[in-house]
Amino acid sequence: MAKAKITRIKANDSKKTEKTAEEPVITRKKVVLKDKKVDKKDKQAKKAAKKAEKAEKKNGKKPFILFRPFCFIGRYFKESWQEIRQVRWPNRKATWKMVFAVLVYTAFFVLILVLLDMLFKFIFNSILG
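Residues numbered from 1 in each chain as written. Predicted model: local features only at pLDDT ≥ 70, side-chain atom pairs only at ≥ 80, totals over all residues. Heavy atoms only, no water.

J.: Go over the overall build of the protein with me, naming the residues and quoting the values.
T.: In terms of regular secondary structure, the protein is built from three helices and zero strands. Tracing the protein from N to C terminus, the helices and strands come up as α-α-α. In the protein, which comprises 129 residues, the proportion classed as buried is 0%. For the protein, the computed accessible surface area is about 14300 Å², with 64% contributed by carbon and sulfur atoms. (Helix = DSSP H or I, 4+ residues; strand = E, 2+ residues; numbered from the N terminus. Buried < 20%, exposed > 50% of the residue type's maximum accessible area, 1.4 Å probe, protein only. Areas by Shrake-Rupley, 256 points an atom, 1.4 Å probe, with all protein chains shown as cover.)

And the structure:
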């Protein structure tokens, strides 16, 4: 393995040239990052403009009053489908683990309810009988 050369620069190092306030100090890395941020902002602005145009077109056209319930139903299904696509579904193994966990908890609570029912039946029979 080759050793990396480490250079230390001190504040009073005379080799470093002084830069005036007029000269901006921009390294290549900062410029690239700045360009990426600007590109992202431009893309986001374009997307927002497109969405605004679509919203204006939709708001400009109002469907006939008899068709409005169908528009609402259609929008409901469209938005529901979008939500379902965002769900992260478990794999087969995790699904079976959850199924067995539900069955175990159900059996446990059924057992508790049966025992309580028998207890209360015994108490009421002894009081009334």
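Next, the rest of the story.
J.: Lay out a positive patch on the surface in plain terms, naming residues and giving numbers.
T.: A contiguous patch of positive charge on the surface is contributed by Lys43, Lys46, Lys47, Lys50, Lys51, Lys54 and Lys78. Broken down by element, the positive patch gets its largest block of residues, six residues, from helix α1 (residues 28-60). Locating Lys47 in the fold gives a position in helix α1. Using a relative accessible area of 58% as the deciding quantity, one classes Lys47 as exposed. (Patch = residues over 30% accessible without salt bridge, like charges linked within 9 Å, V, L, I, M, F, W, Y side chains within 5 Å. Salt bridge = Lys/Arg side-chain N within 4 Å of Asp/Glu carboxyl O. Lys, Arg positive; Asp, Glu negative; His and termini not counted. Charge placed at Lys NZ, Arg CZ, Asp CG, Glu CD.)

J.: Tell me about the packing of aromatic side chains, residues and numbers included.
T.: Evaluation of the coordinates by the stated rule reveals three aromatic pairs. Seen in terms of ring centroids, Phe108 and Phe109 are 5.3 Å apart; in terms of plane orientation they differ by 75°. Their pairing is edge-to-face. (Phe/Tyr/Trp six-rings, centres within 6.5 Å; stacked < 30°, edge-to-face > 60°.)

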